[in-house]
Amino acid sequence: MAYERKNIAEMSGYVPGEQPTRTDVIKLNTNENPYPPGEGVIAALHNVSADHLRRYPNPTARGFREAAAEYHGVTPDHIIATNGGDELLRLLVTTFVDPGQVIGTAEPSYSLYPVLAAVQDARIKTLQLDDVWQLPANFARALNKAGAKLAFIVNPHAPSGRLTSVDRLSEMAEQFKGVLVIDEAYVDFVDPDLEHESTELVRDHDNVVLLRSLSKGYSLAGLRFGYGIGRPELIEPMLTKTRDSYNTDVVAQALATAAITHHGQAEETWHKVRRERLRISEQLAMTGCNLVPSQANFILVEVDAAAADGSGAAGVYQTLKDQDILVRYFDQDRLRDKLRITIGTPQQNDTLLKALADLLDVAVD
Ligand SMILES: Cc1ncc(COP(=O)(O)O)c(C=O)c1O
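Quick caveat: nothing in here was measured; it's all calculated off a predicted structure.

Draft legend 1. The site of the ligand, seen in detail. As a structural note, the neighbourhood of the ligand is formed by Gly-84, Gly-85, Asp-86, Tyr-110, Val-154, Asp-183, Ala-185, Tyr-186, Ser-213, Ser-215, Lys-216 and Arg-224. Note that an oxygen atom of the ligand is positioned 2.6 Å from one of the backbone N or O atoms of Gly-85. Between the ligand and Ser-213, the relevant distance is 2.7 Å, taken from an oxygen atom to a side-chain nitrogen or oxygen of the residue. For the ligand, the protein covers 92% of the area, taking 390 Å² as the surface of the free molecule. Among the elements that make up the shell around the ligand, the one with the highest residue count is helix 5 (residues 84-96) (three residues). A class-by-class count of the residues in the shell around the ligand yields four nonpolar, four polar and four charged.

This is how it looks when you write it as structure tokens:
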């Protein structure tokens, strides 16, 4: 006898990337930052006392929300702190979408979106990205026609790293009739020369929520801390009703507040990751590899079908794994011939490039 709801019994869960227990593996599969968190964060960790642990945390992470508000030039009422960006995604679905209603997104995209829709017993309408991984021109109109109440756009896009401009997002926010969630889990790695100022979308549109994560940009994937930025009318129901009573713990709040306050320390890692992204992309492109120009901390590389004795990307993935180099392979449309590779330290990237060169039978400097 199954006790769970019918939609839960019928759905499949999210499949996370592998987390090996060995520490000598070159781990380029889950887009973690290869550098440690800044000194300010480590100092905050040392300052956590037994007495802090004994007491409940601030229910809404007020201190963090004040620090994040200052960083983004908004008020704390524009910010909700969550247990990873993933919790914000769940809150958005449970707060704004009834069972049976439609959630819109593009494909391929973050594979958690359909899972969250299935949990809520909502329907999902997916539109295909075009050949260069851009959102289709009719994205907002098609979702309006499908009656979508909420839409997820990931920007920079995962798993391609392609960036959609703020102007284009603004047009979509204008056209779309539901809540437009712009998942910016990777936005910290966007080249500053592009002047990608997405917080202005929140000022200009009453239906936009931006998702930020401390997992990648701030080297805090293990802490589980993310936040949303939106107009207070959108944030308030999640902050005061649908959120768990103490959704972020006292350690997470202290470290996340330190991370945002000392953001300059994280910015140094963004700079290093961008520099390596450029170096690896150029080297791979020179060898004739096809890859999408990425503004995230990963690149999506096309693998020749003949590679690894004709087993293509899946074979290359496995052979790299046998050599203790983990990258991500997705067995799904448009991705079966590709590998998503997280940008690591220069040494890790060199090892990867050498292994790839041997496998793809090309020369890399
Ligand atoms: C596109 C995207 N959005 C959101 C998240 C959530 O990140 P977290 O829950 O670690 O903050 C991830 C994590 O991999 C992601 O890839």
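Draft legend 2. Inspection of the layout of surface pockets at higher detail. In this model, the largest pocket occupies a volume close to 770 Å³. In terms of lining, the largest pocket is formed by 38 residues, of which the most central are Tyr-14, Thr-30, Tyr-110, Tyr-186 and Lys-216. Elements with a contribution of two residues or more to the lining of the largest pocket: helix 5 and strand 7 (208-213). When residues in the lining of the largest pocket are grouped by element, the largest group, four residues, is from helix 5. Across the lining of the largest pocket, the residue classes tally to 17 nonpolar, 14 polar and seven charged.

Draft legend 3. Region of the structure containing a negative patch on the surface. Where like charges cluster on the molecular surface, the negative patch consists of Asp-167, Glu-174, Asp-193, Glu-195, Glu-197, Glu-200 and Asp-204. Among the elements of the structure, helix 8 (166-175) and helix 9 (199-204) are those that each provide at least two residues to the negative patch. In this fold, Glu-174 is placed in helix 8.

Draft legend 4. View of the sheet that holds strand 2 (residues 79-82). Ordered by their spatial adjacency, seven strands build an open sheet running 2-8-7-6-5-3-4, and the pairing between neighbours is mixed. The two strands at the open ends of the sheet, each matched to only one other strand, are strand 2 and strand 4 (123-128). Taking each pair of neighbouring strands and ignoring which way they run, the sheet shows an average axis angle of 20°. Alignment of strand 7 against strand 8 (residues 226-230), held across five bridges, turns out to be antiparallel. In the sheet register, Ser-213 faces strand 8, and the bridge partner there is Gly-226. Its contacts with the sheet put helix 6 (residues 112-119) on strand 3 (102-107), strand 4, strand 5 (148-154) and strand 6 (179-183), and the angle it makes with strand 4 is roughly 155°.

Draft legend 5. Quick peek at helix 4 (residues 62-72). When helix 4 is considered as a whole, its buried residues turn out to be Phe-64, Arg-65, Ala-67, Ala-68, Ala-69 and His-72. The inward-facing, buried residues of helix 4 contact strand 2, helix 9, strand 7, strand 8, helix 10 (232-242) and helix 11 (250-261). At the exit of helix 4 stands Gly-73, carrying a positive phi of roughly 70°.

Draft legend 6. Expanded view of the environment of Val-119. With respect to the helices and strands, Val-119 occurs in helix 6. Judged by its relative accessible area of 22%, Val-119 is partly exposed. Ignoring anything within four residues of it in the chain, the contact list for Val-119 reads Arg-5, Asn-7, Ile-8, Met-11 and Arg-90.

Draft legend 7. Examining the side chain of Arg-328 more closely. Positionally, Arg-328 belongs in the loop between strand 10 (325-326) and strand 11 (338-342). The charged side chain of Arg-328 is buried without a salt bridge, its nearest counter-charge being Glu-18 at 6.6 Å. Within the structure, Arg-328 has its side chain in polar contact with the backbone oxygen of Val-15 (distance 3.1 Å). Once you skip the residues sitting within four places of it in the chain, Arg-328 turns out to touch Val-15, Pro-16, Gly-17, Leu-28, Asn-29, Leu-339 and Arg-340.

Cut-offs applied
- Residues numbered from 1 in each chain as written.
- Predicted model: local features only at pLDDT ≥ 70, side-chain atom pairs only at ≥ 80, totals over all residues.
- Heavy atoms only, no water.
- Near = heavy atom within 4 Å.
- Polar contact = N/O pair within 3.5 Å; in protein donor to acceptor, adjacent residues only side chain to side chain.
- Areas by Shrake-Rupley, 256 points an atom, 1.4 Å probe, with all protein chains shown as cover.
- Helix = DSSP H or I, 4+ residues; strand = E, 2+ residues; numbered from the N terminus.
- Nonpolar A, V, L, I, M, F, W, Y, C, P; charged D, E, K, R; others polar.
- 1 Å grid on protein atoms, 1.4 Å probe; cavity = no way out; pocket = protein on both sides within 12 Å on 5 of 7 lines; lining within 4 Å.
- Points joined across faces, edges and corners; volume = space filled by probe spheres on them.
- Patch = residues over 30% accessible without salt bridge, like charges linked within 9 Å, V, L, I, M, F, W, Y side chains within 5 Å.
- Salt bridge = Lys/Arg side-chain N within 4 Å of Asp/Glu carboxyl O.
- Lys, Arg positive; Asp, Glu negative; His and termini not counted.
- Charge placed at Lys NZ, Arg CZ, Asp CG, Glu CD.
- Pairing = 2+ DSSP bridges.
- Axes fitted to C-alpha atoms, helices over the stretch in contact; angles between N-to-C directions.
- Contact = heavy atoms within 4.5 Å.
- Buried < 20%, exposed > 50% of the residue type's maximum accessible area, 1.4 Å probe, protein only.

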